[in-house]
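# Overview (structure and organization)
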Amino acid sequence: MPVVPTQRIIERAFADRYGVAAINVVNDLTLEAVLAAAEQQRSPLIVQTSVKTVEQVGLNVLYSMWLEMTEPITVPVALHLDHCPSRELISACLAKGWNSVLFDASKLSVEENKRQCVEVVAEAERYGALVEGEIEGFKRVEDMADDEEVEEQSLEVAVDFVKSTGVDIFAPAIGNAHGMYRTTPKLDSQRVTDIVAATGKPVALHGGTGMTPDQFSDLIARGCAKVNISTALKIAFMKSGYDFMTEHPGEYDPPSIFRAQRAAVLEMAASHMRLFDSVGRAW
Ligand code: 13P
């Protein structure tokens, strides 16, 4: 059961400049498939749960699945709560055993975000858990106009946020968005370099689905040690199910469709581990 603190996974990746896939799972099948990919590739992995998934599956059921499924795992893995504005849910997940949380107070003023983030960091420390912070918020591609960009705070504000809250990793807006990009995104990679240089801390890259291999390599080299992938899993899961039903009309056999979905999600996860150079990095 090498469930390890998220810090240990990220610190190594940051020091050796490879990326760790942080993949959002949606149910038991996708959780098992991404863990199998990590095991197969001998890669560290961060498993992410959205607030929606925690609510849908149930916090206790989800955590029981995590414990049971990671029992035989021999590579370092950690469980992370993605984008959570709710202090109550953060407290509940930390108390249960999640290894890290993203406190998403991006809708609050930076001052209030900072004030509350300090409290979250203190709370997480009691459990040895990591805290990721953000101040800008990420939109979904489908909610954005073609030329729309999330407004970036100044470098000074971002660096002050990281230093004064003590977050372990920071998620800046660099022209990235959640969902599937319509065209290759234009990314402000220099901002990653500037933040890493000024804070000495790693950066979490959001909106990974649809970035090019060159963009991943460049951003990881600059210090993006955690690379978030969600939409690619949803596509692999849904499309493989759709394709299976199209190719096998009238075959209503759940285990067969589950096999196809597991294979697709496993390969999606493995391909990102290869892209991020985390293959064989398990210790
Ligand atoms: P994508 O859905 O674009 O892969 O983004 C994932 C993410 O950043 C989750 O926080």
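Right above here is the structure, for reference.
Residues numbered from 1 in each chain as written. Predicted model: local features only at pLDDT ≥ 70, side-chain atom pairs only at ≥ 80, totals over all residues. Heavy atoms only, no water.

Okay, the site of the ligand next. Lining the immediate environment of the ligand, one finds 14 residues, of which Asp82, Gly207, Thr209, Ser230 and Thr231 sit closest. Between an oxygen atom of the ligand and a main-chain N or O atom of Gly179, the distance comes to 3.1 Å. Within the side chain of Thr209, a nitrogen or oxygen atom sits 2.5 Å from an oxygen atom of the ligand. When the ligand is considered free in solution it has 310 Å² of accessible area, and contact with the protein chains removes 98% of it. Taken together, the residues of the shell around the ligand break down into 2 nonpolar, 11 polar and 1 charged. (Near = heavy atom within 4 Å. Polar contact = N/O pair within 3.5 Å; in protein donor to acceptor, adjacent residues only side chain to side chain. Areas by Shrake-Rupley, 256 points an atom, 1.4 Å probe, with all protein chains shown as cover. Nonpolar A, V, L, I, M, F, W, Y, C, P; charged D, E, K, R; others polar.)

Attention shifts here to the side chain of Asp104. Inspection of the secondary structure puts Asp104 in the loop between strand S4 (100-103) and helix H6 (110-127). This buried residue, Asp104, is left without a salt bridge; Lys107 holds the nearest opposite charge, at 6.3 Å. There is a polar contact of 2.6 Å between the side chain of Asp104 and the side chain of Ser106. Sequence-distant contacts of Asp104, defined by excluding residues within four places in its chain, comprise His83, Cys84, Pro85 and Glu134. (Helix = DSSP H or I, 4+ residues; strand = E, 2+ residues; numbered from the N terminus. Buried < 20%, exposed > 50% of the residue type's maximum accessible area, 1.4 Å probe, protein only. Lys, Arg positive; Asp, Glu negative; His and termini not counted. Salt bridge = Lys/Arg side-chain N within 4 Å of Asp/Glu carboxyl O. Contact = heavy atoms within 4.5 Å.)

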